[in-house]
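# Fold and geometry: a report
What follows is each chain in one-letter form.
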Amino acid sequence: MSEAAILTASSLSVSLGKRVVLSEVSLALPRGCLAALVGPNGAGKTTLLRALAGLLPSEGTIEVCGDALSSLTLRERARRFAYLPQGHQMHWPLPARDIVALGRYPHGAVDPARLTGTDAAAVVRAMQATDVTGLGDRPVTELSGGERGRVALARVLAVEAPILLADEPTAALDPRYQIEVMTRLRTAADTGTLVIVVTHDLGLAARFADIALVLSEGRLVSQGPPATALSETIIENIFRVRTYRADYQRETVIVPWSEA
Amino acid sequence: MLASLGIGPVKLSPVAVLDALFGGGSEVQRIIVQDIRLPRAILGLAIGAILGLSGAALQGLLRNPLASPSLFGAPQAAAFGAVLVIALGGIDVRSFALPVAAIVAAFASVFVLLAIAGRNASLLILILAGLAISSLAGAATSLTMNLSRNPFAALEIAFWLLGSLEDRSFRHVMLALPFIIAGAAILMSRRHAFRALSLGEESAQSLGVDVGRLRLWAILGVALGVGGAVAVAGAIGFIGLVAPHLMRPLIGYDPARLMVPSALAGAALLLAADIAVRLIPSTSDIKVGVLTALIGVPFFLYLIVRERRALGGGIA
Amino acid sequence: MVGSVIAMPPVAWSHRLCKAIRACIRRSNGVFVVAFLILTFAAQAQAAGLPRVASINVCTDQLLMTLADPAQIVGLSPYARDAVRSWAAAEARTYRRLSGEAEDLLMLKPDVVVAGLYMKRATRQLLKRQGMRVAEFDIARSIDDVKEQIRRMGDLVGHPDRAETQVARLDAAIVRAKQAVARKPYRVLALSRRGWVSGDDSITSALLSITGLSNAAASLGSHSSGFATLEAIVADRPDFILISDGRDVADDEGSALLLHPALEKLYPPSRRLIIPEDLTVCGGPMLSDALDRLVAELKRVGG
């Protein structure tokens, strides 16, 4: 946390029509950090993620690796942010390897059939990291939900961007895959990437994240290490649930328990 | 291609055709092969190719196997643009005003369609909007022809709405080809972006694809190609729908890799259809658009059956 | 005024008066004047006991305008004013433009409606059911047909003398044409938009044979009119093509065929005989003009 921030946002606001979706959000996050972005439905989590990546217009300033986001071209942004949207859409039954190779698109490798050595190596690394090497030739539409989730993750890892934004990557996965996906993201953070994960699972957030960001009604109401940022009071006020809390193997355990 | 040169009302042996093509044979044979059959074959290839390419591009853009220029009313709108120019009068049908008007109309129709359908258009909305646009353009074409003082309106309407390659000349080739090539170049240059789009617009944007601009380019490419084609051959439908599907079992689903084969398949399809209309014995000329529709519509229905689940759910 | 016209014996001076009034109409655009004059004419025609006639076909339009008194003409078909196809288009503007449908005819109550034998079948039947007299004219396919139709229309409008004048005029043109007959029996193909070819049973064919030319349609495999393919035309290679328009402008794709490079190569202007459409589209008084024009064209191309 003492390192210099790689991503800073100050007074970030987003309005859709007259509705203010995000209001005056400021944050600064360093390399090698896994940040969990939590908040009730409609709090503006996806909007914040997309605004950070420059995928929708916002007010305020964003700085990434020392440059103002607004000064970067689309392609430069694409090299700095790997973005995994919700639901991992895959419209055509392309082979899994080609999907992963699309992660190299921002680096100029637009044709998966013709990758340079660097690009091919990045694809192999990403596929190994997510354990999908064996699925390379399978059409993605024929894969199971878990397999598809891993292919989607491999695609964003293949970008090898300094910042990885993932929007509910664990949704609709069984517990094993949830843990698996979070473990991969943790690994990515441990190797120097800034990872921001949107999740509804307070337990996973508490267990894997270095920092929790709590968003409510478009405002960042709490940020810091999960143990403090996800305190009993905050969760009760924001999520309207009481939690069961414990320590297990020196990690924080938070389980939503009853309505507040 | 050779078959197209070899077949016509006047019987010429393949040897005579080749001979005439390269400057031999009698003057009449040369004229028949070089001035009548060759431009027809070239237009068949070029128009078939651009329709196939446009179909593949639109299917890639919308990530939807039912997308095609004719279902979106683009050729019909282009025909309307061309007919409007003719009806205004004083303009030779062999002038560049015709393809330009057709292109503008085609651009407007596809633009309006995508604007109506919105960003995450469902199949159903796209097809309904396309149906509305093509019906409107067809009716407007007929009305314009009727209102013009041309007493042969009925025949001319049939030409514009069904399309034909009959008796086109090199002047027509010159009229259409620059636009077709420009359209094809634009669409081809965007092919990798169409692949990135298979992850959805958001992901594509995050990979550095400017999706808004890509849409405009794609519409422009389709409009140039289809407009140029329609200006000389009328509205030939369904090639763009069928061609990519013929190639998918062979090439796979990759929208970028599908484009060149789709163009080839479209060229082959239209050329074959144009040969067929010359072979089918009939008292008057069959319009090639009739044949492509006869093949295309049942195929479209089959696709609907296959995609019924997606259609029923209203999500694509 | 109306009364005074009726009171005078009309037949003797009617023709001169008509001409004067026609000139007057041309000069004045006053709707009232026109309406007033039509009323006057109508009254006069009735007084003369001559039938009032309406035409709903462009060919009967021409016959009617040539043979009837202006007062007898209740109205003409919409195409009568088409400068390209109607021989007397300018004169047609002085008459009422009918819709071509039954409604206005039922209101105007002409004594006779003249029509083509093939067009507007439903309209003709409706008019007949309403007790109206409908005279149908077949398409003229020979010079004899044309003479017969001129005489028939002359009888119908009560001016058989004028019909005989027109027949004599046509005969004179035929004599002139036969004197200037082509040096060789060139094969000529009468070609229209989209490759329509006039067959042996057409007026055009009759005109060709008068000037000693032969219709090439026969060797294209068809004695009757029909569509010919461009290739068949090029392969058959008649000596001349007879077309209606010498301009290098194609108004639609149908007429673009006549400017196809294949035809332009084999048929430069010196191989094209041009007779405007309004002279050949019908069989009627304009045929003498058509013959004169054909002779002039033959002279131009050196035939």
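Residues numbered from 1 in each chain as written. Chains lettered and ligands numbered in written order. Predicted model: local features only at pLDDT ≥ 70, side-chain atom pairs only at ≥ 80, totals over all residues. Heavy atoms only, no water.

### So, the side chain of Asp111 of chain A
As a reminder, the rule being used: Runs of H or I in DSSP of at least four residues are treated as helices and runs of E of at least two as strands, each being numbered from the N terminus. Side-chain atoms alone can form a polar contact between residues adjacent in sequence; in general such a contact is a pair of N or O atoms within 3.5 Å, and within protein one must be able to donate a hydrogen while the other accepts it.
For Asp111 of chain A, the position within the fold is in the loop between helix 3 (96-101) and helix 4 (117-129). There is a polar contact of 3.5 Å between the side chain of Asp111 of chain A and the side chain of Arg195 of chain B.

### Topic: the state of the cysteines
Residues and elements named next belong to chain A. Defined as follows: In this description, the term disulfide denotes a pair of cysteine sulfurs within 2.5 Å. Here's how the labels work: a residue is buried when its accessible area is under 20% of the maximum for its type, exposed when over 50%, partly exposed in between, all with a 1.4 Å probe on protein chains only.
Enumeration over the complete set of coordinates arrives at one disulfide over all chains. The thiol of Cys65 is unpaired, and the distance to the nearest cysteine sulfur, on Cys33, comes to 14 Å. Here Cys65 falls in the partly exposed class, since its relative accessible area comes to 34%.

### Notes on the sheet that holds strand 5 (residues 67-68) of chain A
Residues and elements named next belong to chain A. Filter applied, for reference: Each pair of strands is called paired provided DSSP finds at least two bridges between the two strands. Residue contacts follow a heavy-atom distance rule, with two residues in contact if any of their heavy atoms lie within 4.5 Å. All axes are obtained by fitting lines to C-alpha atoms, using only the stretch in contact for helices, and the reported angles, taken between N-to-C directions, cover 0 to 180 degrees.
If you walk across this open sheet you meet the four strands as 2-1-4-5, and the pairing is antiparallel. This sheet does not close on itself; its edge strands, each paired only once, are strand 2 (19-30) and strand 5. Its contacts with the sheet put helix 1 (residues 45-52) on strand 1 (5-16), strand 2 and strand 4 (59-64), and the angle it makes with strand 1 is roughly 120 degrees.

### With respect to the interface of chain B and chain A
One widely used convention gives an interface's size as the accessible area the parts lose upon coming together. Rules: Criterion for a salt bridge: a side-chain nitrogen of Lys or Arg within 4 Å of a carboxyl oxygen of Asp or Glu. For this scheme, ten residues count as nonpolar: Ala, Val, Leu, Ile, Met, Phe, Trp, Tyr, Cys and Pro. Four count as charged, namely Asp, Glu, Lys and Arg, and the remainder, Gly too, count as polar.
Facing 27 residues of chain B, the contacting portion of chain A comprises 26 residues. The tally of links between chain B and chain A comes to four salt bridges. For the pair chain B and chain A, the interface holds nine residue pairs in polar contact (both at pLDDT 80 or more). Elements with a minimum of two residues in the side of chain B that touches chain A: helix 3 (27-62), helix 9 (191-196) and helix 10 (201-206) of chain B. Tallied by class, the residues present in the side of chain B that touches chain A amount to ten nonpolar, ten polar and seven charged.

### Considerations on the sheet that holds strand 2 (residues 73-75) of chain C
Residues and elements named next belong to chain C. Read from one edge of the open sheet, four strands run 2-1-3-4, paired in parallel fashion. Each edge of the sheet is formed by a strand with only one pairing partner; in this case those strands are strand 2 and strand 4 (133-137). Strand-to-strand twist across the sheet, computed as the mean angle between neighbouring axes with direction ignored, equals 30 degrees. As defined by bridge partners, strand 1 (residues 53-55) adjoins strand 2 across two bridges and the pair is classed as parallel. In the sheet register, Val53 faces strand 2, and the bridge partner there is Ile73. Along the sheet, helix 4 (residues 58-67) contacts strand 1, strand 2, strand 3 (112-116) and strand 4; its crossing angle with strand 1, the most-contacted strand, is approximately 145 degrees. Packing of helix 8 (residues 143-157) onto the sheet brings it into contact with strand 1, strand 3 and strand 4, and relative to strand 4 it is tilted by some 165 degrees.

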